[in-house]
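Understanding the architecture of this molecule
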Amino acid sequence: MIPVSCLLEVVFDKIRYSRDTKLSIMVVLLGVAVCTVTDVSVNAKGFIAAVVAVWSTALQQYYVHFLQRKYSLGSFNLLGHTAPVQAASLLLLGPFVDYLITNKRVDAYNYNMTSVIFIALSCTIAIGTNLSQFICIGRFTAVSFQVLGHMKTIFVLIMGFFFFGKEGLSLQVVLGMFIAILGMMWYGNASSKPGGKERRSHSLPTTRHQKHSGLLESDEVDEKV
């Protein structure tokens, strides 16, 4: 997700990353890989699913930032406009996809009070997740959101150790968490510095009326993001 999001920003937004920012992102990726990657086998179906998931999610998050920046939309406004479309697409496509994967029909499921409560809870959490995503991406960028999102992965691992035992805890996992956290701290510091992460915008020469001289002025601005 992070490399693809960086690529989208470089290609479409003309973002420039400093060397420290690039290295910090690599450290984050290394730390998360050390503590989470356990299976490196690849097959065609899994590879295609991974590519579709990564690119669709990256494009969606980039588009969220683009819409908020272009139209000055707030998080609630954007969520209000996109949620109905997402809900309609899921209602139309979801049952068919479920049937293709599980060979079970959604309407044939035996619903009870427990399942309904968990469905409602899941929907509530999804609303909070989408809202927090829009707030974070709108305030920062999709890359920053992904870097911060890896902290969630670390918290999931830590909570798993507390609630489900420590059999998965090892020196490799602890080392990976430590490296990832260091990378996140480095990224925050590096990207906030002048030149750490900037948008390069080229403006055409413009003629400005000067009080003391009629000179042509051409501005080339580095806009910090």
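Everything in this summary refers to the structure shown in the same document. Bear in mind that the values here come from a model prediction, so they are computed numbers and not experimental data. (Residues numbered from 1 in each chain as written. Predicted model: local features only at pLDDT ≥ 70, side-chain atom pairs only at ≥ 80, totals over all residues. Heavy atoms only, no water.)

It is worth spelling out the environment of I25 at this point. Mapping I25 onto the fold places it in helix 2 (residues 19-36). Judged by its relative accessible area of 7%, I25 is buried. Spatially, the C-alpha atoms of I25 and G188 are 10.0 Å apart, while their sequence positions differ by 163 residues. Residues in contact with I25, not counting those within four places in the same chain, are I2, C6, V143 and Y187. (Helix = DSSP H or I, 4+ residues; strand = E, 2+ residues; numbered from the N terminus. Buried < 20%, exposed > 50% of the residue type's maximum accessible area, 1.4 Å probe, protein only. Contact = heavy atoms within 4.5 Å.)

In this section: the pattern of salt bridges. Considering all chains together, one arrives at two salt bridges under this definition. With a closest N to O distance of 3.3 Å, D13 and R69 form a salt bridge. Of this pair, D13 sits in the loop between helix 1 (2-12) and strand 1 (15-17) while R69 sits in helix 3 (residues 44-71), placing them 56 residues apart in sequence. Look at D13 and you get buried, because its relative accessible area is 7%. Residue classification places R69 among the partly exposed positions, given a relative accessible area of 34%. Across the salt bridge formed by R105 and D107, the nearest N and O atoms sit 2.6 Å from each other. There is no split in this pair, since R105 and D107 are both exposed. (Salt bridge = Lys/Arg side-chain N within 4 Å of Asp/Glu carboxyl O.)

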